[in-house]
Amino acid sequence: MSGYPRAERAEVLFKSGYNCAQAVAMAFSDLIDSDEKTVARLTSGFGGGVGRMREVCGSVLGMTFIMGALYGYDETDDAQAKARLYGEIQSLAEEFREENGSIVCRELLGLSQGEKTSPTPEKRTQDFYKKRPCAQLVYISAKNLEKYINNH
C-alpha cells in the first residue's frame, strides 16, 4: 500500500483496460455521487490525449473532470469561482508537469509533433504496459488529486 488507495485503484482500472482519463475519474466516482459506469462513459472520449489525438494527457483530463465535478461553478457570472477552479487545475497540472516533464500525451510518449495517430487503440499486452508510462501517469494524476482532496 502506498497510502494513496484511489491512486492505486486508478492504476488497477487502467491495467484492466480503461483508458487513462476513465481510470483516474472512476477512482473518484463515489465522491461525485456517480457510479463508475456513468463516469467511464462521460470520460471515454478523453483517453489518449482526447480521442487518441495525443494532446493533453488523458490522466490530467480525468483529474480535471473530477475537479470540475467537486469544485466547479455553475453561474456564468461567478468570475471568482471560475478563476479559483482554473487556478487549482493549473496548479495540479503544473505539479504533474514538474514530475513528468509535460502534460502533453505525445510528449510523454516520445512521439513527434506531426506523427499521425490512428483512432484504433493498441492491443493491451504485457509489451504495451512495458513500453508505455501510462499506468504510472494515471497513478501520479490520481495521487496528486487524492492529496489535493484530502487537504481541502
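Shown above is the structure to which this text applies.
The present account deals with the structure reproduced in this document. Computed from a predicted model, the values in this text were never measured in an experiment.

Details of the environment of glutamate 88
Along the polypeptide, glutamate 88 turns up in helix H5 (residues 79-100). Along the primary structure glutamate 88 and arginine 106 are separated by 18 residues, whereas in three dimensions their C-alpha atoms are 24 Å apart.

Quick notes on a negative patch on the surface
A cluster of acidic side chains, namely Asp74, Glu75, Asp77 and Asp78, defines a negative patch on the protein surface. Take aspartate 74: its relative accessible area is 69%, and that puts it in the exposed class.

So, the pattern of salt bridges
According to the stated counting rule, one finds 10 salt bridges in the structure shown. Linking glutamate 122 and arginine 52 is a salt bridge whose minimum nitrogen-to-oxygen distance equals 3.9 Å. Residue glutamate 122 is found in the loop between helix H6 (105-108) and helix H7 (126-131), and its partner arginine 52 is found in the loop between helix H3 (36-43) and helix H4 (58-71); the two are separated by 70 residues along the sequence. What makes arginine 52 buried here is its relative accessible area of 13%. Between arginine 97 and glutamate 94 there is a salt bridge whose closest N-O contact spans 2.6 Å. Here the residue arginine 97 and the residue glutamate 94 both occupy positions in helix H5, the gap between them amounting to 3 residues, near one helical turn.

What to know about the packing of aromatic side chains
Overall, the coordinates contain 5 aromatic pairs when judged by the stated rule. Taking 5.5 Å as the distance between ring centres and 80 degrees as the angle between the ring planes, the aromatic pair formed by tyrosine 71 and tyrosine 148 counts as edge-to-face. Of the two residues, tyrosine 71 is situated in helix H4 and tyrosine 148 in helix H8 (residues 134-150); the sequence distance between them amounts to 77 residues. Assessed through its relative accessible area of 31%, tyrosine 71 is described here as partly exposed. You can call tyrosine 148 buried: its relative accessible area is 12%. Arginine 124 extends its terminal NZ or CZ atom over the ring of phenylalanine 14, reaching a point 4.1 Å from the ring centre.

Rules behind the numbers
Residues numbered from 1 in each chain as written. Predicted model: local features only at pLDDT ≥ 70, side-chain atom pairs only at ≥ 80, totals over all residues. Heavy atoms only, no water. Helix = DSSP H or I, 4+ residues; strand = E, 2+ residues; numbered from the N terminus. Patch = residues over 30% accessible without salt bridge, like charges linked within 9 Å, V, L, I, M, F, W, Y side chains within 5 Å. Areas by Shrake-Rupley, 256 points an atom, 1.4 Å probe, with all protein chains shown as cover. Salt bridge = Lys/Arg side-chain N within 4 Å of Asp/Glu carboxyl O. Lys, Arg positive; Asp, Glu negative; His and termini not counted. Charge placed at Lys NZ, Arg CZ, Asp CG, Glu CD. Buried < 20%, exposed > 50% of the residue type's maximum accessible area, 1.4 Å probe, protein only. Phe/Tyr/Trp six-rings, centres within 6.5 Å; stacked < 30°, edge-to-face > 60°. Lys NZ or Arg CZ within 6 Å of the ring centre and 35° of its normal.

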